[in-house]
Amino acid sequence: MKKHQILLDLLFTFMKIGLFTFGGGYAMISIIENNCVERKKWITHDDMMNITVIAESTPGPIAINCATFVGYQQAGFPGSIIATLGIVVPSFIIIFLISMFLDNFLEIVVIANAFKGIKVAVGFLILEAAITMIKKMHKKMFPKVIMICSFVIMLLINIFSWNFSSISLMLAAAVISLVAFIMKDSSTQKGGTEK
């Protein structure tokens, strides 16, 4: 495929994702995966998992970071620009038009009711992304333990309205994983030298 065709494909794919996805980055994860992993085969599922983790820990919305990465993988720097523009421009135009022509947009009864339905659909999209990631997670005990502990902690934080940042939880999980990796690596090296 020629480079300009790849760029057009990136543009239209991410414009479609940006135009028809409500609910922000988490809701977009399953749609990005469906388009980029399953249909187009641009990246693997492991790439998608890694992008999601990296995008979550770097500045900027998760969907934009994902689009930038996929674009770069397919067509280098021009691809990253085109994919990023593709996912950003439709939302920008829609919000711009709403702000220009419709005062009190969410006070219109039809729009308010439509958004109530959209909220439910967004919840299912986020749940679908989580279930897909859990199914395709490596079948090892340690990642599952971290996932279950994180889930329980976040649930308790929400139930009891504790003032605790989810960023702190992510950093704690990262530190635990690094410590486990270092310990495993050092024990492997010791085992190798003993032989």
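Residues numbered from 1 in each chain as written. Predicted model: local features only at pLDDT ≥ 70, side-chain atom pairs only at ≥ 80, totals over all residues. Heavy atoms only, no water.

**Student:** Honestly, the environment of Ala-173 in this entry has me stumped. Any pointers?
**Tutor:** Checked against the element boundaries, Ala-173 lands in helix 7 (residues 166-194). In this structure the C-alpha to C-alpha distance between Ala-173 and Ile-146, which are 27 residues apart in sequence, comes to 6.8 Å. (Helix = DSSP H or I, 4+ residues; strand = E, 2+ residues; numbered from the N terminus.)

**Student:** What exactly am I supposed to notice about a nonpolar patch on the surface here?
**Tutor:** Nonpolar side chains collect at one region of the surface, where Tyr-72, Phe-77, Ile-81, Leu-85, Val-88, Val-89, Phe-92, Ile-93, Phe-96, Leu-97, Met-100 and Phe-101 lie side by side and expose about 1,200 Å² of accessible area between them. Looking at the element boundaries, Ile-81 is found in helix 4 (residues 62-101). With a relative accessible area of 38%, Ile-81 lands in the partly exposed category. (Patch = residues over 30% accessible without salt bridge, like charges linked within 9 Å, V, L, I, M, F, W, Y side chains within 5 Å. Areas by Shrake-Rupley, 256 points an atom, 1.4 Å probe, with all protein chains shown as cover. Salt bridge = Lys/Arg side-chain N within 4 Å of Asp/Glu carboxyl O. Buried < 20%, exposed > 50% of the residue type's maximum accessible area, 1.4 Å probe, protein only.)

**Student:** Mind showing me how you'd approach the nonpolar core here?
**Tutor:** Within soluble globular proteins, side chains that are nonpolar tend to cluster in buried spots. Phe-14, Ile-32, Val-70 and Ile-87 are the most contacted members of the largest nonpolar core, which has 24 residues in total. Residue assignment for this core shows that the elements contributing at least two residues are helix 1 (3-20), helix 2 (24-39), helix 3 (45-56) and helix 4. At 8 residues, the largest contribution of residues to this core is made by helix 4. In this structure Ile-32 touches Ile-17, Val-37, Met-48, Ala-63, Cys-66 and Ile-87, once residues within four positions along its chain are discounted. (Core = buried A, V, L, I, M, F, W, Y, C linked by side-chain atoms within 4.5 Å. Contact = heavy atoms within 4.5 Å.)

**Student:** Where do I start with the packing of aromatic side chains in this structure?
**Tutor:** What describes a pair of aromatic rings is the distance from one ring centre to the other and the angle between the planes of the rings. Counted by the stated rule, this structure contains 3 aromatic pairs. Pairing Phe-160 with Trp-162 gives two aromatic rings, centres 5.3 Å apart and planes at 20°, and the pair type is stacked. Residue class for Trp-162 comes out partly exposed when judged on its relative accessible area of 49%. (Phe/Tyr/Trp six-rings, centres within 6.5 Å; stacked < 30°, edge-to-face > 60°.)

**Student:** Whenever I open this one, helix 4 confuses me. Can you help?
**Tutor:** Since the α-helix packs 3.6 residues into each turn, any two residues three or four apart lie on the same face. With 40 residues, helix 4 ought to run about 58 Å at 1.5 Å a step, yet its terminal C-alpha atoms sit only 29 Å apart, falling short of that. At Ala-75, helix 4 shows its strongest bend, of approximately 145°, with the proline Pro-78 following within four residues. (Expected span 1.5 Å × (residues − 1). Bend = angle between axes of the 7 residues up to and from the residue.)

**Student:** Help me out: how do you make sense of the confidence of the model for the protein chain in this one?
**Tutor:** Residues shown with low pLDDT carry predicted positions that ought not to be read at fine detail. Chain-level pLDDT for the protein chain is 80 on average; 87% of the residues reach the 70-or-more range. Predicted confidence in the protein chain is weakest over helix 7, with a mean pLDDT of 75, and strongest over helix 1, with 88. (pLDDT = per-residue confidence, 0-100.)

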